[in-house]
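Residue-level structural notes
Below, each chain spelled out in residue letters.
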Amino acid sequence: MTIKILWETHINKERGIIMKKNNMNLNNEVIEIISEVTEIPKENIKLESNLLTDLELESLDIVNLIAEFEKKYKISIKDEEIKCFQTVEDIINYIEKNV
């Protein structure tokens, strides 16, 4: 019984590490896409960056970003869902849940 519990703990720790790495990859990918589409340097884009106030994105920028995310992750983002995207992290959370 003790061995099983230790093994499950080990597996869960490994999964946590893998999930953390996957999350970091997604974070970096999303920031890279935002940087490419908007020409904002990556180092100026943070998870908590507000799309409108911090990054000063206009509606056309957001439309172009959404098109890139839909193409890259093979998802369809509805207009009413786009309105919920306030920060870079909001976009990442949406992609995580829908990919």
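Below is a short write-up of the structure.

1. Thoughts on the overall build of the protein chain
Helices and strands together make up the secondary structure of the protein chain, namely 4 helices and 0 strands. Listing the helices and strands of the protein chain from first to last along the sequence gives α-α-α-α. The buried share among the 99 residues of the protein chain stands at 30%. Residue pairs in contact within the protein chain that sit at least 24 positions apart in sequence constitute 56% of those at least 6 positions apart. Accessible surface, the protein chain as shown: approximately 7,300 Å² in total, 53% of it carbon and sulfur.

2. Quick notes on the packing of aromatic side chains
Scanning the model with the defined rule gives 1 aromatic pair in all. Geometrically, the ring pair formed by Phe85 and Tyr94 is edge-to-face, given 5.4 Å between the ring centres and 70 degrees between the ring planes. The same class applies to Phe85 as to Tyr94, namely buried.

3. A closer look at helix H4 (residues 88-98)
What H4 keeps buried is the set Val88, Ile91, Ile92, Tyr94 and Ile95. With its buried residues spanning 160 degrees around the axis, H4 presents them on a single face.

4. Things to note about the pattern of salt bridges
Side-chain pairs of opposite charge can arise whenever the charged atoms involved come near each other. Applying the stated rule across the entire model yields 2 salt bridges. With a closest N to O distance of 3.0 Å, Lys42 and Glu32 form a salt bridge. One end of the pair, Lys42, is in the loop between helix H1 (2-38) and helix H2 (59-73); the other, Glu32, is in helix H1, and 10 residues separate them in sequence. For Lys42, a relative accessible area of 42% corresponds to the partly exposed category.

5. Looking at unusual backbone geometry
Positioned with a positive phi, Glu39 is a non-glycine residue whose angle comes to about 65 degrees. Take Glu39: it is sitting in the loop between H1 and H2. Residue class for Glu39 comes out exposed when judged on its relative accessible area of 72%. Phi is positive for Lys74, which is not a glycine, with a value near 50 degrees. Since its relative accessible area comes to 74%, Lys74 is described here as exposed.

6. Observations regarding the nonpolar core
Note that soluble globular proteins tend to have their nonpolar side chains buried in a common cluster. Among the nonpolar cores identified, the biggest contains 24 residues, and Val30, Phe69 and Val88 are the most heavily contacted of them. Those elements that place two or more of their residues in this core are H1, H2 and H4.

7. Details of a negative patch on the surface
On the surface, Glu48, Asp54, Glu56, Glu89 and Glu96 cluster together into a patch of negative charge. Examined against the element boundaries, Asp54 turns out to sit in the loop between H1 and H2. In this structure Asp54 comes out as partly exposed when scored by relative accessible area, which is 49%.

Criteria and cut-off values
What you see as residue numbers is a count from 1 along each chain, following the sequence as written. Where totals are concerned, whole chains, interfaces and linings use all residues; where local detail is concerned, this predicted model gives features only for residues with pLDDT of at least 70, and gives and counts side-chain atom pairs only at 80 or more. Note: side-chain values were computed over all heavy atoms of the structure, leaving out hydrogens and water. Put simply, DSSP H or I for four residues or longer makes a helix, DSSP E for two residues or longer makes a strand, and each gets a number counted from the N terminus. When a residue's accessible area, from a 1.4 Å probe over protein chains only, is under 20% of the maximum for its type it is buried; when over 50% it is exposed; and in between it is partly exposed. Two residues form a contact once any of their heavy atoms are found within 4.5 Å. To measure how exposed things are, a 1.4 Å probe is used in the Shrake-Rupley method; for residues, cover is taken only from the protein chains shown. Two rings from Phe, Tyr or Trp (for Trp, the six-membered ring) form a pair when their centres are within 6.5 Å of each other. A pair whose planes differ by under 30 degrees is stacked, one over 60 is edge-to-face, and the rest are tilted. Think of it as the arc spanned by the lines of direction from the helix axis to the C-beta atoms. Just to be clear on terms, a salt bridge is a Lys or Arg side-chain nitrogen sitting within 4 Å of an Asp or Glu carboxyl oxygen. For the purposes of this section, nonpolar cores are sets of buried Ala, Val, Leu, Ile, Met, Phe, Trp, Tyr and Cys residues that join through side-chain atoms within 4.5 Å. Patch building starts from residues that exceed 30% relative accessible area and form no salt bridge, then joins like charges within 9 Å and nonpolar side chains (Val, Leu, Ile, Met, Phe, Trp, Tyr) within 5 Å. Here the positive residues are Lys and Arg and the negative ones are Asp and Glu; neither His nor the chain ends is included. Note on charges: their place is set at NZ of Lys, CZ of Arg, CG of Asp or CD of Glu.

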